[in-house]
Amino acid sequence: QDHVRRALMHEPRGHAGMYGAVVVRGGAAAEGAHLAALFVHGAGYSAMCGHAVIALGRFALDYGLVPAPARPETAVRLRCPCGPVTAFVPWDGHRSGNPVRFHSVPAFAAATDVAIDVPGHGKVVVDIGYGGTFYAFLSAEQLGLDVCSSRTSDLVSAASAVTEAVKKQFKLHHPESEDLAFLYGTILTDGKDAFSEEPTTNICVFADEQVDRSPTGSGVTARIALQHHKGLIQLGQTRTFRSSTTGSVFSGKAEAKFGNYNAVIVEVSGEAFYTGTATFTVEEEDPLKHGFFFK
């Protein structure tokens, strides 16, 4: 059914930064989940998406996908490709509210201080973290850029070069599923990894040079796991993360250690707002019915 993804994510119905979730109910959302979700974007599919989970939590309550929601907060259990994720959604008896928080799958540091040779940029040092999917992290300064003031196109180009270099020079491993052992993207940061009350800013470039408009829920999860692994943040300490693209913020904290390997359960909190509903039409005779894509 990939033509459905292309029709919805690409122009004229979508755009270069479009992101979506296909909601699955019934038997496919088994094992105690209220619903399952397939995450889609311009280049394909992803194993986890925190900002989509935040939005889906509200959607699930407002559209009756969770029976008998409770006040003041309802747990919405989702089955994601990376595993079970629970969103906690404010509920006043009539409609959902903000902020929504979610608990991640176990997150961990896959590798720290890895030297990577990036064509056009030379040697850089990256950390690799898992928060439902794998990301490479480094300060934009290592690439001669500023995450807050450099042109987005320059940040995207540099981050994409890092992603491709890491894929070629570092082999990922996931302790439970090798299907999850792929690098989803690179997150450039302002370098402010040590705990602070001040927000830290980052930009996430994922899939085929797609730019996240949010601080990236799975990215915040992975970044907190890395910070905890390095001793830069303690359990229960809340950190704020800002998107350099929209200025939107998520907060996150490592809630608890998990299992026999050095993993943590991370709680991420953010807001989601409705923008509208739409009915899309695909006419069979339309030569561009499955969308088109400009880079």
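Cut-offs and rules
- Residues numbered from 1 in each chain as written.
- Predicted model: local features only at pLDDT ≥ 70, side-chain atom pairs only at ≥ 80, totals over all residues.
- Heavy atoms only, no water.
- UniProt positions renumbered as here; feature names shortened; annotations may be inferred.
- Helix = DSSP H or I, 4+ residues; strand = E, 2+ residues; numbered from the N terminus.
- Expected span 1.5 Å × (residues − 1).
- Buried < 20%, exposed > 50% of the residue type's maximum accessible area, 1.4 Å probe, protein only.
- Pairing = 2+ DSSP bridges.
- Right-handed = clockwise from strand over helix to strand, strands pointing away.
- Patch = residues over 30% accessible without salt bridge, like charges linked within 9 Å, V, L, I, M, F, W, Y side chains within 5 Å.
- Areas by Shrake-Rupley, 256 points an atom, 1.4 Å probe, with all protein chains shown as cover.
- Salt bridge = Lys/Arg side-chain N within 4 Å of Asp/Glu carboxyl O.
- Domains from an automatic or database assignment.
- Contact = heavy atoms within 4.5 Å.
- Buried area = accessible area lost by both parts, 1.4 Å probe.
- Polar contact = N/O pair within 3.5 Å; in protein donor to acceptor, adjacent residues only side chain to side chain.
- Nonpolar A, V, L, I, M, F, W, Y, C, P; charged D, E, K, R; others polar.
- Phe/Tyr/Trp six-rings, centres within 6.5 Å; stacked < 30°, edge-to-face > 60°.

Looking at an unreviewed UniProt entry, one finds the chain named trans-L-3-hydroxyproline dehydratase, with Dicaeum eximium as its source organism. Heading Subunit (unreviewed entry) of the UniProt record for the chain holds this comment: "Homodimer."

Asker: Just checking my understanding: could you explain helix 4 (residues 217–229) for this structure?
Answerer: Side chains three or four residues apart in an α-helix point the same way, a direct result of the helix having 3.6 residues per turn. The end-to-end C-alpha distance of helix 4, which contains 13 residues, comes to 18 Å, matching closely the 18 Å that a straight helix rising 1.5 Å per residue would cover. The buried fraction of helix 4 amounts to 12 of the 13 residues, a majority that puts the element mostly inside the structure. The set of residues buried in helix 4 consists of G217, S218, G219, V220, T221, A222, R223, I224, A225, L226, Q227 and H228. Positive phi appears at G231, one or two residues downstream of helix 4, with a value of about 80 degrees.

Asker: Please clarify how the pairing of strand 10 (residues 183–189) should be interpreted in this entry.
Answerer: Where a strand is regular, its side chains alternate between the two sheet faces. Along strand 10, 7 of the 7 residues are buried, which leaves the element largely enclosed by surrounding structure. As paired elements, strand 9 (residues 134–139) and strand 10 share 6 bridges and run parallel to each other. Looking across to strand 10, one finds that S139 is bridged to T189. Running through helix 3 (residues 152–169), the crossover from strand 9 to the neighbouring parallel element strand 10 is right-handed.

Asker: What's the story with a nonpolar patch on the surface in this structure? I'm lost.
Answerer: A cluster of nonpolar side chains, namely V4, L8 and F280, defines an oily patch on the protein surface of about 230 Å² accessible area. Inspection of the secondary structure puts F280 in the segment after strand 15 (263–270).

Asker: Can you walk me through the pattern of salt bridges in this structure?
Answerer: Side-chain pairs of opposite charge can arise where the charged atoms are in close proximity. Inspection of every chain in the model, using the stated rule, returns 11 salt bridges. Note that R101 is salt-bridged to E73, the shortest N-O span being 2.8 Å. One end of the pair, R101, is in strand 6 (residues 100–103); the other, E73, is in strand 4 (residues 73–80), and 28 residues separate them in sequence. A residue is classified by how much of its surface remains accessible, and E73, at 33% relative accessible area, is partly exposed. In this structure, E284 engages K289 in a salt bridge whose closest nitrogen and oxygen atoms are separated by 3.8 Å.

Asker: Looking at this model, I keep getting lost on the domain arrangement of the chain. Mind explaining?
Answerer: Reports of interface size often rely on the accessible area that becomes lost once the parts have come together. Splitting the chain by domain gives domain 1 (2–104) and domain 2 (106–270). Contacts between the two partners involve 23 residues from domain 1, matched on the other side by 27 residues from domain 2. For the pair domain 1 and domain 2, the summed buried area comes to about 1700 Å², and 55% of that belongs to carbon and sulfur atoms. When the shortest N-O distance is used, the salt bridge between R101 and E267 registers 2.7 Å. Counting across the interface, domain 1 meets domain 2 through 10 residue pairs in polar contact (both at pLDDT 80 or more). Counting only elements with at least two residues in the side of domain 1 that touches domain 2, the list comes to helix 2 (50–62) and strand 6. Ranked by residue count, the leading element in the side of domain 1 that touches domain 2 is strand 6, at 4 residues. Each residue belonging to the side of domain 1 that touches domain 2 can be placed in one class, and the counts come to 12 nonpolar, 10 polar and 1 charged.

Asker: Just checking my understanding: could you explain the packing of aromatic side chains for this structure?
Answerer: Each aromatic ring pair is described using two quantities: the centre-to-centre distance and the angle formed by the ring planes. According to the stated counting rule, one finds 9 aromatic pairs in the structure shown. Taken together, a centroid distance of 6.1 Å and an interplanar angle of 70 degrees make the contact between Y19 and F206 edge-to-face. One end of the pair, Y19, is in strand 1 (residues 19–24); the other, F206, is in strand 11 (residues 200–206), with 187 residues separating them in the sequence. Among the residues examined, F206 registers a relative accessible area of 4% and is labelled buried. Centre to centre, the rings of Y135 and F137 are 6.2 Å apart; their planes meet at 65 degrees, and the pair counts as edge-to-face.

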